[in-house]
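The lines below spell out each chain.
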Amino acid sequence: MALTETRTPGTPVPELSDHTTPAPKPWGPRLWAVLFVAGLAMFLDALDVSMVGVALPSIGAELGLETTSLQWIVNGYILGYGGLLLLGGRMADLLGRRPVFLTALVVFGAASLVGGLVDNEALLIASRVVKGIAAAFTAPAALSIITTTFSEGHDRNKALSVFTVFGATGYASGLIASGALTSIDWRLTFFAPVAVVILVTIAAFIVVPRTSRPAGGHIDFAGAITLTGGMLAAVYTIVTVPETGFTPLATTAAVGAAVLLGAFLVLENRVREPLVRLGIFRVRSIVRANLAALAIFGSYISFQTIVTLYLQNTLQWEPIQMALALAPAGIIVAILSPLAGRFIDRFGTTPMIVTSMAAFVLGYLWFILRGDSAEPSYLTDYLPAFALLGLGFALGFSSVMVQATEGIADDEQGLASGLVQTSGQIGGAIVLAVVTALISGGAATSIAQYQPGLYMVTAVAVAGLIASATALLGRRPALAPAR
């Protein structure tokens, strides 16, 4: 088996060659059924995110919410999701993927139903937090179901590329459905996912196999609490300080974030079965995959929020117009993602991720340079940017997931899956908090108010491109591509 580097003492897992793949074997109905159910969970998550994104201006108008409050509808979900993904992944490893997956689906559906019924800002945000927490258990369970069902190499690459198609389809479907539903009532965007939850739960109950003997062991609740609390405090600080300065509450939050995150690192080095085995970060390919996930989701979630507010509030587009404008990105992902597995087999993950990040950078730059036209044309000013972002997701998502989980033992697949998804969600929360602070300050009458946020989004993507491209520097031709 070819290695990309010499293994040093203490390194937990060697970096495997992108080209070390078993001979392809035909998939039977059972494998396709398992992939379909896991993919539906990805579909549900993407559907929910895109639907709520389109509905934000309508929610703000009815409930009288400012931009800083609206971003908590997004960030409440992201923080519940990102803060507990590692716990969700670990519980899937220890307690069994099937029971964790089914229980979390039910909670997700209930929280979505409650969110559509409330009129209070705090209750709406709370429902989003609970929904994010539920997704923190469904997402790593679904991904680890795939990574433990399909053998590493060609089969897993193919399965993850199909998995991405479900996400892209959910995203595009959510945009279009939300545009239509929001025109009637934004609450329908909260009720619609409940029907999908029912379908996924029934299918999962039938298809997902029972684990004969869960791994068992200790669950690091202290690590989960300190990580989630630290991230919540950090994002609250980032959101509030630009507006209010270091008030006593903001100062307390800042200090609390530092203390809790520091405590998390200390705990993980001392407990017998940590939430995050820190030694996993000795594998450079895993570090790069997590940085790429942070850059992709951190930049795109913020970009979508900016575009949603700009097109609907500033240009006065109808929700369905905005939804259809963004839909090509999801369609491109759905078309190209089935080919991602072949590209990974042929070129390796690192070139794919570098190309992906370059596409994101070019897409954001295009929107910055052309989006402020006096009379913007969708075909020449907006569509090329959205198409580049779709290309970036199509090439990058599967590649990041493969790179983040390859070479990891089955009993840590939940950890590896949760870790890379945590990086994406926490990156999304932090970047969105910074971008919201940069673009807040009254009603926007032009794109100029959004420019600082767009520059921030582009800078994050550039940083991701640089971090991914470092793997290509000094690579020895005799060895397989470093990932």
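Residues numbered from 1 in each chain as written. Predicted model: local features only at pLDDT ≥ 70, side-chain atom pairs only at ≥ 80, totals over all residues. Heavy atoms only, no water.

What is the right way to read a nonpolar patch on the surface from this model?
Together, Ile198, Ile202, Phe205 and Ile206 make up a nonpolar patch on the protein surface, roughly 450 Å² of accessible area in all. Looking at where Phe205 falls in the secondary structure, it is placed in helix α6 (residues 188-207). Given a relative accessible area of 51%, Phe205 falls into the exposed group. (Patch = residues over 30% accessible without salt bridge, like charges linked within 9 Å, V, L, I, M, F, W, Y side chains within 5 Å. Areas by Shrake-Rupley, 256 points an atom, 1.4 Å probe, with all protein chains shown as cover. Salt bridge = Lys/Arg side-chain N within 4 Å of Asp/Glu carboxyl O. Helix = DSSP H or I, 4+ residues; strand = E, 2+ residues; numbered from the N terminus. Buried < 20%, exposed > 50% of the residue type's maximum accessible area, 1.4 Å probe, protein only.)

Would you explain empty space enclosed by the protein in this entry?
It is the rolling of a water-molecule-sized probe over the atoms that shows where space remains empty. Going through the model one piece at a time under the given rule, you end up with 5 cavities of 30 Å³ or more. Put simply, the largest cavity is a space of about 610 Å³. In this structure, the largest cavity is lined by 34 residues; those nearest its centre are Ala46, Val49, Tyr171, Phe297 and Phe393. For the lining of the largest cavity, the secondary-structure elements that each account for two or more residues are α1 (29-63), α2 (67-95), α5 (154-184), α9 (284-314), α10 (319-347), α12 (378-405) and α13 (413-439). Looking at which element gives the most residues to the lining of the largest cavity, the answer is α1, with 7 residues. Residues belonging to the lining of the largest cavity are distributed by class as follows: 21 nonpolar, 11 polar and 2 charged. When its volume is computed, the second largest cavity comes out at roughly 60 Å³. The wall of the second largest cavity is formed by Ala41, Met42, Asp45, Tyr81, Thr138, Ala139, Ala142, Phe163 and Gln421. (1 Å grid on protein atoms, 1.4 Å probe; cavity = no way out; pocket = protein on both sides within 12 Å on 5 of 7 lines; lining within 4 Å. Points joined across faces, edges and corners; volume = space filled by probe spheres on them. Nonpolar A, V, L, I, M, F, W, Y, C, P; charged D, E, K, R; others polar.)

What exactly am I supposed to notice about the nonpolar core here?
Nonpolar side chains in soluble globular proteins tend to end up buried together. Counting residues in each nonpolar core, the largest one holds 139 residues, and the members touching the most others are Ile59, Ile73, Phe101, Phe303 and Phe367. The element best represented in this core is α1, accounting for 18 residues. The contact partners of Ile73, leaving out residues within four places of it in the chain, are Val52, Leu56, Ile59, Leu65, Leu124, Ile125 and Arg128. (Core = buried A, V, L, I, M, F, W, Y, C linked by side-chain atoms within 4.5 Å. Contact = heavy atoms within 4.5 Å.)

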